[in-house]
Amino acid sequence: MIMRKVLFMALIAMAFTAGAQEVICHRGYWDIEGSAQNSIRSLVKADSISAWGSEFDVWMTADGVLVVNHDETYGGVTIETAKWKQLKDMHLKNGELLPTLDQMLECGKQLKTKLILEMKPHTSKSQEKEAARKIVKMVKQKGLEDRIEYITFSYAGMKNLKEMAPEGTPVYYLNGELSPKQLAELGVAGIDYSIGVMRDHPQWIDEAHSLGMKVNVWTVNSDRDMDWCINYGVDFITTNAPERLQQKLAQ
Ligand code: MG
(Lines give C-alpha, C1' and ligand atoms only; values in the text may rest on other atoms or scores of the structure.)
Protein backbone atom coordinates (compact mmCIF):
# COMPACT_ATOMS: atom_id res chain seq x y z
CA MET A 1 0.00 0.00 0.00
CA ILE A 2 2.80 2.41 0.95
CA MET A 3 4.68 1.44 -2.22
CA ARG A 4 1.59 2.22 -4.28
CA LYS A 5 1.30 5.62 -2.61
CA VAL A 6 4.97 6.37 -3.28
CA LEU A 7 4.57 5.32 -6.91
CA PHE A 8 1.49 7.50 -7.28
CA MET A 9 3.29 10.54 -5.82
CA ALA A 10 6.26 9.92 -8.13
CA LEU A 11 3.95 9.81 -11.15
CA ILE A 12 2.28 13.06 -10.10
CA ALA A 13 5.68 14.70 -9.66
CA MET A 14 6.78 13.48 -13.11
CA ALA A 15 3.61 14.78 -14.73
CA PHE A 16 4.20 18.22 -13.24
CA THR A 17 7.88 18.25 -14.20
CA ALA A 18 7.11 17.18 -17.77
CA GLY A 19 4.41 19.81 -18.12
CA ALA A 20 6.49 22.82 -17.22
CA GLN A 21 8.10 24.48 -20.20
CA GLU A 22 9.69 27.82 -19.53
CA VAL A 23 10.64 30.83 -21.62
CA ILE A 24 14.08 32.44 -21.42
CA CYS A 25 14.72 35.74 -23.18
CA HIS A 26 17.92 35.54 -25.24
CA ARG A 27 20.14 38.55 -24.40
CA GLY A 28 17.12 39.92 -22.52
CA TYR A 29 13.93 41.08 -24.20
CA TRP A 30 15.50 43.41 -26.72
CA ASP A 31 13.35 43.24 -29.87
CA ILE A 32 10.98 45.89 -28.57
CA GLU A 33 10.82 49.70 -28.40
CA GLY A 34 13.43 51.30 -26.13
CA SER A 35 15.40 48.12 -25.53
CA ALA A 36 18.75 46.77 -26.77
CA GLN A 37 20.55 43.42 -26.52
CA ASN A 38 22.18 42.84 -23.14
CA SER A 39 20.90 46.15 -21.76
CA ILE A 40 19.53 46.80 -18.29
CA ARG A 41 16.27 47.69 -20.02
CA SER A 42 16.16 44.26 -21.72
CA LEU A 43 16.26 42.62 -18.29
CA VAL A 44 13.45 44.85 -17.01
CA LYS A 45 11.42 44.10 -20.17
CA ALA A 46 11.92 40.33 -19.74
CA ASP A 47 10.67 40.61 -16.18
CA SER A 48 7.72 42.78 -17.26
CA ILE A 49 6.31 39.94 -19.39
CA SER A 50 6.95 37.42 -16.57
CA ALA A 51 9.51 35.49 -18.61
CA TRP A 52 10.91 32.67 -16.48
CA GLY A 53 14.46 33.84 -17.15
CA SER A 54 16.56 36.44 -18.92
CA GLU A 55 19.92 35.56 -20.41
CA PHE A 56 22.94 37.88 -20.73
CA ASP A 57 26.62 37.55 -21.60
CA VAL A 58 29.60 38.44 -19.42
CA TRP A 59 33.23 39.27 -20.17
CA MET A 60 35.99 40.48 -17.86
CA THR A 61 38.31 43.36 -18.80
CA ALA A 62 42.07 43.10 -18.30
CA ASP A 63 41.69 45.20 -15.13
CA GLY A 64 39.03 42.91 -13.69
CA VAL A 65 35.73 44.65 -14.44
CA LEU A 66 32.86 42.33 -15.37
CA VAL A 67 31.05 43.74 -18.42
CA VAL A 68 27.75 42.67 -19.99
CA ASN A 69 28.10 42.27 -23.77
CA HIS A 70 27.72 39.53 -26.35
CA ASP A 71 30.65 40.03 -28.74
CA GLU A 72 34.26 39.95 -27.67
CA THR A 73 34.56 43.54 -28.87
CA TYR A 74 32.47 46.63 -28.32
CA GLY A 75 32.97 49.75 -30.42
CA GLY A 76 36.15 48.23 -31.83
CA VAL A 77 37.64 47.57 -28.37
CA THR A 78 38.41 43.98 -27.33
CA ILE A 79 36.92 43.68 -23.86
CA GLU A 80 39.19 41.00 -22.41
CA THR A 81 42.38 42.95 -23.22
CA ALA A 82 40.98 46.45 -22.54
CA LYS A 83 40.89 48.56 -19.41
CA TRP A 84 37.45 49.55 -18.17
CA LYS A 85 38.17 53.24 -18.76
CA GLN A 86 38.28 52.47 -22.52
CA LEU A 87 34.70 51.15 -22.38
CA LYS A 88 32.89 52.97 -19.60
CA ASP A 89 31.58 55.84 -21.73
CA MET A 90 30.28 53.70 -24.58
CA HIS A 91 26.54 53.62 -25.25
CA LEU A 92 24.21 50.86 -26.35
CA LYS A 93 21.74 51.32 -29.22
CA ASN A 94 18.99 52.41 -26.80
CA GLY A 95 21.16 55.14 -25.26
CA GLU A 96 22.15 53.26 -22.09
CA LEU A 97 25.77 53.08 -21.08
CA LEU A 98 27.46 49.69 -21.65
CA PRO A 99 26.40 47.90 -18.45
CA THR A 100 28.65 46.23 -15.90
CA LEU A 101 27.61 42.97 -14.26
CA ASP A 102 27.35 44.89 -10.99
CA GLN A 103 24.66 47.16 -12.50
CA MET A 104 22.85 44.23 -14.11
CA LEU A 105 22.67 42.31 -10.84
CA GLU A 106 21.62 45.42 -8.87
CA CYS A 107 18.71 45.75 -11.28
CA GLY A 108 18.00 42.02 -11.06
CA LYS A 109 17.59 42.31 -7.29
CA GLN A 110 14.42 44.37 -7.84
CA LEU A 111 12.93 41.81 -10.24
CA LYS A 112 11.66 38.23 -10.17
CA THR A 113 12.94 36.72 -13.42
CA LYS A 114 15.81 34.21 -13.18
CA LEU A 115 19.22 35.53 -14.17
CA ILE A 116 20.82 33.30 -16.78
CA LEU A 117 24.45 34.38 -16.77
CA GLU A 118 26.59 33.27 -19.70
CA MET A 119 30.29 33.49 -18.97
CA LYS A 120 32.10 33.96 -22.28
CA PRO A 121 35.15 31.83 -23.10
CA HIS A 122 38.20 34.06 -22.59
CA THR A 123 41.44 33.63 -24.54
CA SER A 124 43.42 33.46 -21.29
CA LYS A 125 42.14 30.56 -19.21
CA SER A 126 43.62 32.10 -16.03
CA GLN A 127 41.69 35.31 -16.74
CA GLU A 128 38.56 33.23 -17.33
CA LYS A 129 39.06 31.44 -14.02
CA GLU A 130 39.40 34.81 -12.30
CA ALA A 131 36.22 35.97 -14.06
CA ALA A 132 34.36 32.90 -12.71
CA ARG A 133 35.66 33.60 -9.20
CA LYS A 134 34.58 37.26 -9.35
CA ILE A 135 31.17 36.40 -10.83
CA VAL A 136 30.37 33.83 -8.12
CA LYS A 137 31.56 36.24 -5.40
CA MET A 138 29.47 39.14 -6.72
CA VAL A 139 26.34 36.98 -7.03
CA LYS A 140 26.81 35.96 -3.39
CA GLN A 141 27.35 39.56 -2.24
CA LYS A 142 24.14 40.64 -3.98
CA GLY A 143 22.15 37.84 -2.32
CA LEU A 144 21.23 36.36 -5.71
CA GLU A 145 22.51 32.80 -5.33
CA ASP A 146 19.02 31.30 -5.61
CA ARG A 147 18.13 33.44 -8.64
CA ILE A 148 21.13 32.62 -10.83
CA GLU A 149 21.96 29.93 -13.36
CA TYR A 150 25.28 29.72 -15.18
CA ILE A 151 25.82 28.77 -18.80
CA THR A 152 29.03 28.66 -20.82
CA PHE A 153 30.67 27.34 -23.99
CA SER A 154 33.92 26.92 -22.08
CA TYR A 155 34.57 23.40 -20.80
CA ALA A 156 37.10 24.70 -18.24
CA GLY A 157 34.71 27.51 -17.35
CA MET A 158 31.90 25.06 -16.74
CA LYS A 159 34.10 23.06 -14.37
CA ASN A 160 35.24 26.22 -12.58
CA LEU A 161 31.71 27.56 -12.12
CA LYS A 162 30.56 24.15 -10.88
CA GLU A 163 33.38 24.07 -8.35
CA MET A 164 33.10 27.69 -7.16
CA ALA A 165 29.32 28.16 -6.97
CA PRO A 166 27.36 26.78 -4.02
CA GLU A 167 26.32 23.12 -4.27
CA GLY A 168 23.19 22.74 -6.37
CA THR A 169 23.66 25.91 -8.44
CA PRO A 170 22.55 25.04 -11.98
CA VAL A 171 25.42 25.09 -14.49
CA TYR A 172 24.69 24.26 -18.12
CA TYR A 173 27.03 23.53 -20.98
CA LEU A 174 26.45 25.16 -24.37
CA ASN A 175 29.00 23.71 -26.73
CA GLY A 176 26.98 20.77 -28.02
CA GLU A 177 29.59 18.01 -28.37
CA LEU A 178 29.01 16.11 -25.10
CA SER A 179 26.13 13.72 -24.47
CA PRO A 180 23.97 14.11 -21.37
CA LYS A 181 25.62 10.97 -19.97
CA GLN A 182 29.09 12.51 -20.32
CA LEU A 183 27.91 15.71 -18.63
CA ALA A 184 26.08 13.87 -15.84
CA GLU A 185 29.42 12.41 -14.80
CA LEU A 186 30.66 15.98 -14.24
CA GLY A 187 27.61 16.90 -12.14
CA VAL A 188 26.30 19.39 -14.71
CA ALA A 189 22.62 20.40 -14.40
CA GLY A 190 21.83 19.80 -18.02
CA ILE A 191 22.37 20.55 -21.67
CA ASP A 192 21.77 23.96 -23.18
CA TYR A 193 22.32 23.26 -26.87
CA SER A 194 21.44 24.92 -30.16
CA ILE A 195 18.31 23.88 -32.05
CA GLY A 196 20.56 22.51 -34.81
CA VAL A 197 22.43 20.22 -32.40
CA MET A 198 19.17 19.07 -30.80
CA ARG A 199 17.50 18.29 -34.12
CA ASP A 200 20.53 16.08 -34.88
CA HIS A 201 20.31 14.40 -31.44
CA PRO A 202 16.66 14.38 -30.35
CA GLN A 203 17.36 11.25 -28.27
CA TRP A 204 19.41 13.45 -25.92
CA ILE A 205 16.18 14.94 -24.54
CA ASP A 206 14.97 11.62 -23.07
CA GLU A 207 18.53 10.67 -22.15
CA ALA A 208 18.94 13.90 -20.15
CA HIS A 209 15.56 13.52 -18.45
CA SER A 210 16.26 9.92 -17.48
CA LEU A 211 19.46 11.16 -15.80
CA GLY A 212 17.51 13.85 -13.90
CA MET A 213 18.96 16.62 -16.07
CA LYS A 214 17.16 19.54 -17.71
CA VAL A 215 17.20 20.47 -21.38
CA ASN A 216 17.42 24.02 -22.67
CA VAL A 217 17.46 24.83 -26.40
CA TRP A 218 18.53 28.08 -28.14
CA THR A 219 17.93 30.25 -30.09
CA VAL A 220 14.41 29.20 -30.94
CA ASN A 221 12.75 31.90 -33.04
CA SER A 222 10.72 30.32 -35.84
CA ASP A 223 7.27 28.81 -35.26
CA ARG A 224 8.58 25.52 -36.62
CA ASP A 225 11.43 25.37 -34.08
CA MET A 226 9.18 26.48 -31.22
CA ASP A 227 6.68 23.72 -32.05
CA TRP A 228 9.50 21.17 -32.23
CA CYS A 229 10.76 22.12 -28.76
CA ILE A 230 7.26 22.11 -27.28
CA ASN A 231 6.44 18.70 -28.78
CA TYR A 232 9.70 17.15 -27.62
CA GLY A 233 9.16 18.31 -24.03
CA VAL A 234 12.19 20.60 -23.81
CA ASP A 235 12.28 22.22 -20.33
CA PHE A 236 13.60 25.68 -21.24
CA ILE A 237 13.32 27.45 -24.57
CA THR A 238 15.61 30.42 -25.18
CA THR A 239 14.23 32.86 -27.74
CA ASN A 240 14.34 36.34 -29.24
CA ALA A 241 10.52 36.26 -29.51
CA PRO A 242 9.38 35.55 -25.95
CA GLU A 243 5.82 36.84 -26.26
CA ARG A 244 5.06 34.73 -29.35
CA LEU A 245 6.43 31.68 -27.52
CA GLN A 246 4.38 32.47 -24.41
CA GLN A 247 1.25 32.63 -26.57
CA LYS A 248 2.04 29.22 -28.07
CA LEU A 249 2.64 27.68 -24.65
CA ALA A 250 -0.64 29.09 -23.35
CA GLN A 251 -2.65 27.43 -26.16
MG1 MG B 1 24.54 34.28 -24.67
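Model, not experiment: these values are computed from the prediction.

1. Comments concerning the environment of His209
Residue position: His209 is located in helix H8 (residues 203-210). In the structure, His209 is positioned 94 residues away from Leu115 in sequence and 23 Å away in space, judged by C-alpha atoms. When sequence neighbours within four positions are dropped, the list of residues in contact with His209 reads Val215, Gly233 and Asp235. Here Asp235 takes part through its side chain, which lies 2.7 Å from a polar atom of the side chain of His209.

2. Observations regarding the pairing of strand E7 (residues 148-152)
Across the five residues of E7, five count as buried, placing the element largely inside the fold. Here E7 shows two buried faces, one formed by Ile148, Tyr150 and Thr152 and the other by Glu149 and Ile151. Note: strand E6 (residues 114-119) against E7, five bridges, orientation parallel. Bridge pairing links Leu115 to Ile148 in E7. In this fold, the crossover linking E6 to E7 by way of helix H4 (residues 125-141) has right-handed handedness. As paired elements, E7 and strand E8 (residues 171-173) share three bridges and run parallel to each other. Considered in E8, the bridge of Tyr150 is made with Val171. In the classification by handedness, the crossover that spans E7, the intervening helix H5 (residues 155-164) and the parallel E8 is right-handed.

3. Side note on the side chain of Thr152
For Thr152, the location among the structural elements is in strand E7. A distance of 2.8 Å separates a polar side-chain atom of Thr152 from the backbone oxygen of Met119. Each residue touching Thr152, except ones within four places of it in the same chain, is listed here: Met119, Gly157, Met158, Leu161, Tyr172, Tyr173 and Leu174.

4. Quick notes on the pairing of strand E10 (residues 214-218)
Relative to E10, strand E9 (residues 190-194) runs parallel, the two being bridged by five bridges. Note on E10: the bridge partner recorded for Ser194 is Trp218. In terms of strand pairing, E10 meets strand E11 (residues 236-239) through two bridges, oriented parallel. For Asn216, the partnering residue across the bridge sits in E11 and is Phe236. Tracing the backbone out of E10, into helix H9 (residues 223-231) and back to the parallel element E11 gives a crossover that is right-handed.

5. A word on the packing of aromatic side chains
Counted by the stated rule, this structure contains six aromatic pairs. Considering the side-chain rings of Trp52 and Phe236, the 4.7 Å spacing of their centres and the 40° angle between planes classify their relative orientation as tilted. Remark: Phe236 occurs in strand E11 and Trp52 occurs in the loop between helix H2 (40-48) and strand E2 (53-60); sequence separation between them is 184 residues. Aromatic side chains Tyr172 and Phe236 sit 6.5 Å apart centroid to centroid with 80° between the ring planes, which places their arrangement in the edge-to-face category.

6. What about unusual backbone geometry?
In this structure, Asn38 is a non-glycine residue whose phi angle is positive, near 55°. Its identity is not glycine, yet Ser50 carries a phi of approximately 60°, on the positive side. Residue position: Ser50 is located in the loop between H2 and E2.

7. Notes on the packing of H4 against H5
Close contact between H4 and H5 brings their axes to 10 Å; oriented N to C, the two are set at 30°. The interaxial crossing formed by H4 with H5 has right-handed handedness. On H5, the residues that touch Lys125, Glu128, Lys129, Ala132, Arg133 and Val136 of H4 are Ala156, Gly157, Asn160, Leu161 and Met164.

8. As for the confidence of the model for the chain
Summarising the model, the chain shows a mean pLDDT of 94, and 92% of its residues fall at 70 or more. Segment residues 10-17 is flagged for pLDDT under 50; beyond a separation of four residues in sequence, or across chains, it makes one contact in the model.

Cut-off values and rules
- Residues numbered from 1 in each chain as written.
- Predicted model: local features only at pLDDT ≥ 70, side-chain atom pairs only at ≥ 80, totals over all residues.
- Heavy atoms only, no water.
- Helix = DSSP H or I, 4+ residues; strand = E, 2+ residues; numbered from the N terminus.
- Contact = heavy atoms within 4.5 Å.
- Polar contact = N/O pair within 3.5 Å; in protein donor to acceptor, adjacent residues only side chain to side chain.
- Buried < 20%, exposed > 50% of the residue type's maximum accessible area, 1.4 Å probe, protein only.
- Pairing = 2+ DSSP bridges.
- Right-handed = clockwise from strand over helix to strand, strands pointing away.
- Phe/Tyr/Trp six-rings, centres within 6.5 Å; stacked < 30°, edge-to-face > 60°.
- Axes fitted to C-alpha atoms, helices over the stretch in contact; angles between N-to-C directions.
- Left-handed = near helix turned anticlockwise from the far one by under 90°.
- pLDDT = per-residue confidence, 0-100.

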